Amino acid sequence: MKWKEISIILGKYAGVLGVVVFGGVGFIAFWRHSRALKKATKVYRDAVKTNTHEPISLHPEIDPAKCAGCGACTKACPEGDILQLINHKAVLVGPSQCVGHGQCEVVCPFGAITLVFGTKSRGMELPRVSTDFETNLKGLYIAGELGGMGLIRNAVKQGRMAAEHAATHLVNQSQRQKADLDLLVIGAGPAGLAAGLTAVSKKLSYVCIEQNSFGGTIYNFPRQKVVMTHPAELPLVGPMRFPQNKVSKEQLLDFWNKVRKQTGLNVMETCKFITLTQQGSIYNVQTSKGLVTARKVILAMGVRGSPRKLGLPNEDLPKVTYNLLEPDQYQNQDVTVVGGGNAAVEAAQQLASPQLRNRVALLVRGEVFDRCNMENQTIIKDMASQNLLKIHYNSSVKEIHPNHLVIEKDKKIHELKNSYLFVFIGAEVPFKFLQSLGVQIEKKFGEAIRKS
């Protein structure tokens, strides 16, 4: 058969072949879409069933009238399948796991996403601050976790904005002489670091005080904990760049210490903040190392000093703790971890390492993990399947004793042998302390985050 005859035959069937190929591709696309829709719908229904369908912190709110179903937000979310498309609209299907990265809002091309605090039915109490994070007390600012935003990138941004506003609103030179400092920054975590660097760039007289060690909250995280997955931009320094996306505690602290050395950042460690009073336009701050006066004050100390407790007798026993710094010091022990979030799950993972030979029990309040990303859930469930630890769902501690715990699981009472009890159920914002300073507290019901 000649090539001309072959080309004629192929020409006759090209249309049919095209239809078949196009139809096959279309079928595959339809099948994939249907499978994704079923998965997203199931995740959302499970969240409703387990009463985890309402966000408890900063989260995206999607306007269905603006959402075009492009899926950009679902791909940008670093926490996994939290945002999914249902009926061609973005839906927050895993709200309890959302930590407010805000990347979804950034990438949405239609402006359909807004980051908000609280929901219409579940309010969230927070200190009242302006768009520049100044409280109702002139010259007193709140930045970072204390204001409801704990992510490093968000805390850095707030610390910078607060310090910039403070710098532009300093009063005249004669009043400046009445205070030791232009700016006092309380806390040397991400928000405090950014505020201090901004003070350096603005040539202010300042000092950062930290009750423990430089790094604040980050310093107190467990060894090798991943603390950052998206870069943040520091004043004077620019973007914090690392060879990989997942940055450990040690890597970040090493970077910050280099920044501290290069910029001459003034940080006074092991200096506890005790009281704060206002005298005219000047703040008198009593610390463990003496009295200091400042014209502006930024509270960037986080909430790590106020862990949420179980509220049980014997909770003050030495075996009860609310953080985990060195897992290696616990070996061949009966350990119980309470909590369903990332902090609890990561602590359980480390304590259940085969090398430590601990017998670990993880108590989760509900039927599912609360505010725990999918990667951690996969790891902890895999460890449980290998009998490296035991997960107790629908459980809580009822009694604490020197050598054992009494727990309730599925409405039945059990006794657990116990040497150490780790409690990771969140932190309490110190509202009484803030109110004692005169800071107003407000409840937000789906209120948008303030923009710069």
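Residues numbered from 1 in each chain as written. Predicted model: local features only at pLDDT ≥ 70, side-chain atom pairs only at ≥ 80, totals over all residues. Heavy atoms only, no water.

Q: How would you sum up the sheet that holds strand E22 (residues 404-409)? Please name residues and give values.
A: Ordered by their spatial adjacency, 3 strands build an open sheet running E21-E22-E23, and the pairing between neighbours is antiparallel. Sheet topology places strand E21 (395-400) and strand E23 (412-417) at the edges, where each strand pairs with a single neighbour. Here the average twist between neighbouring strands, direction ignored, is 35°. With 5 bridges connecting them, E21 and E22 associate as antiparallel partners. Looking across to E22, one finds that Val397 is bridged to Ile407. (Pairing = 2+ DSSP bridges. Helix = DSSP H or I, 4+ residues; strand = E, 2+ residues; numbered from the N terminus. Axes fitted to C-alpha atoms, helices over the stretch in contact; angles between N-to-C directions.)

Q: I'd love a proper account of the state of the cysteines, names of residues and values included.
A: Counting across every chain of the model gives 0 disulfides. Cysteine Cys104 remains unbridged, with the sulfur of Cys73 as its closest cysteine sulfur at 6.5 Å. Taking the relative accessible area as the measure of exposure, Cys104 reaches 7% and is therefore buried. (Disulfide = S-S within 2.5 Å. Buried < 20%, exposed > 50% of the residue type's maximum accessible area, 1.4 Å probe, protein only.)

Q: An account of unusual backbone geometry is requested, with residue identities and associated values reported.
A: Its identity as a non-glycine residue notwithstanding, Thr270 has a phi of 50°, on the positive side. Inspection of the secondary structure assignment puts Thr270 in the loop between strand E13 (267-268) and strand E14 (273-279). The backbone of Asn332 shows a phi angle near 55°, a positive value even though the residue is not glycine. Along the chain, the position of Asn332 falls in the loop between strand E17 (320-321) and strand E18 (334-338). Residue classification places Asn332 among the partly exposed positions, given a relative accessible area of 40%.

Q: Go over the sheet that holds strand E19 (residues 359-363) with me, naming the residues and quoting the values.
A: What the 5 strands build is an open sheet, ordered E17-E24-E18-E19-E20; its pairing is parallel. In this open sheet, the two edge strands, each paired with only one partner strand, are E17 and strand E20 (389-392). In this structure, E18 lies alongside E19, joined through 5 bridges in parallel fashion. Across the sheet, residue Val338 finds its bridge partner in E19, namely Leu363. Together, E19 and E20 form the strand contacts of helix H9 (residues 374-385), whose direction differs from that of E20 by roughly 115°. (Contact = heavy atoms within 4.5 Å.)

Q: Give a detailed account of helix H7 (residues 249-263), specifying residues and quantitative values.
A: If you check H7, its first and last C-alpha atoms are 21 Å apart, about what 15 residues at 1.5 Å a residue would give, namely 21 Å. Of the residues making up H7, those classed as buried are Lys249, Leu252, Leu253, Phe255, Trp256 and Val259. Considered in projection along H7, the buried side chains sweep an arc of 160° and stay on one side of the axis. The exposed residues of H7 that point more than 90 degrees off its buried face are Lys261 and Gln262. (Expected span 1.5 Å × (residues − 1). Arc of directions from axis to C-beta.)

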